[in-house]
Amino acid sequence: MTSKDYIKQAYCEAMLDLCEEKDINKITVNDVVERVGTARQTFYNRFHDINDLICHVHIQYTEDSYAREPDPRVALCNVFLFALEHKAFYRQLPFHSAQNCFRDTFLQWCIDSSSKLVNLDRSDDDYSRKQTAIYLYSAGVAELFLEWCRGGMTSPYELVVDAIMEAEVPFS
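Analysis parameters
Residues numbered from 1 in each chain as written. Predicted model: local features only at pLDDT ≥ 70, side-chain atom pairs only at ≥ 80, totals over all residues. Heavy atoms only, no water. Helix = DSSP H or I, 4+ residues; strand = E, 2+ residues; numbered from the N terminus. Rg over C-alpha atoms; globule rule 2.2 N^0.38 Å. Contact = heavy atoms within 4.5 Å. Areas by Shrake-Rupley, 256 points an atom, 1.4 Å probe, with all protein chains shown as cover. Lys, Arg positive; Asp, Glu negative; His and termini not counted. Charge placed at Lys NZ, Arg CZ, Asp CG, Glu CD. Expected span 1.5 Å × (residues − 1). Phe/Tyr/Trp six-rings, centres within 6.5 Å; stacked < 30°, edge-to-face > 60°. Buried < 20%, exposed > 50% of the residue type's maximum accessible area, 1.4 Å probe, protein only. Lys NZ or Arg CZ within 6 Å of the ring centre and 35° of its normal.

> Could you give an account of the overall build of the protein, with specific residues and numbers?
Helix and strand counts for the protein stand at nine helices and zero strands. Secondary structure elements in the protein, listed N-terminal to C-terminal, are α-α-α-α-α-α-α-α-α. Here the C-alpha atoms of the protein give a radius of gyration of 17 Å, agreeing with the 16 Å that 2.2 N^0.38 yields for 172 residues. C-alpha atoms of the protein, sized along the principal axes, occupy 50 × 40 × 30 Å. Here the analysis covers contacts within the protein between residues at least 6 apart in sequence; of these, 65% occur between residues at least 24 apart. Within the structure as shown, the protein displays about 9400 Å² of accessible surface, and the carbon and sulfur contribution to it stands at 49%. Looking at the protein, you have 17 positive and 27 negative side-chain charges, and the mean spots of the two groups are 4 Å apart.

Set out below in structure tokens:
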């Protein structure tokens, strides 16, 4: 891991800690850099803005989980366990409101990831139909996850994981 990666990780940990203390929509870049002990420019060398960091926390953990774990179900369970470990952050995600809010960024990440899994090709005769199916699948995954967070994360995460795994990415 490079020093840049360590600093990004420190910013992620600071965000998770700060969510224990205040509303996610009120956390500022200054709050994060003060917690980590870096300059604002160091933050901006790694993230566009505070909303970019908020999205990065979940997406980076998800990508790392899938990279470490060959079994997709186990990797997804690990993501939900991480969310349960950091409830203060995850309970606030559905209410994150900003120009590039978590929901929109997460949905786009789901679409991009699903498109890669099925090797979506614009020259394919069924491209539009497949693209629509991927969007619907991705929107379902994103909304299901956010609804679980919005509901206080009280329902068993295994039920949500099962629903996501049973739906599967179309055309894979």
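Now that the structure has been shown, the text picks up again.
> Describe helix α1 (residues 3-18), and please don't skip the residues or the numbers.
Between its first and last C-alpha, α1 extends 22 Å over 16 residues, near the 22 Å set by a 1.5 Å rise per residue. In this structure, the buried residues of α1 make contact with α2 (29-36), α3 (40-44), α4 (50-68), α5 (72-85) and α6 (87-90).

> I'd like a rundown of the packing of aromatic side chains, residues and numbers included.
On inspection of all chains with the given rule, the structure shows 15 aromatic pairs. Consider the rings of phenylalanine 80 and phenylalanine 145, whose centres lie 5.4 Å apart with planes at 80°: the pair is edge-to-face. On the criterion of sequence distance, the pair formed by phenylalanine 80 in helix α5 and phenylalanine 145 in helix α8 (residues 127-150) is long-range, its members being 65 residues apart. The same class applies to phenylalanine 80 and to phenylalanine 145, which are both buried. The ring of phenylalanine 47 has lysine 8 lying over it, and the distance from NZ or CZ to the ring centre is 5.3 Å.

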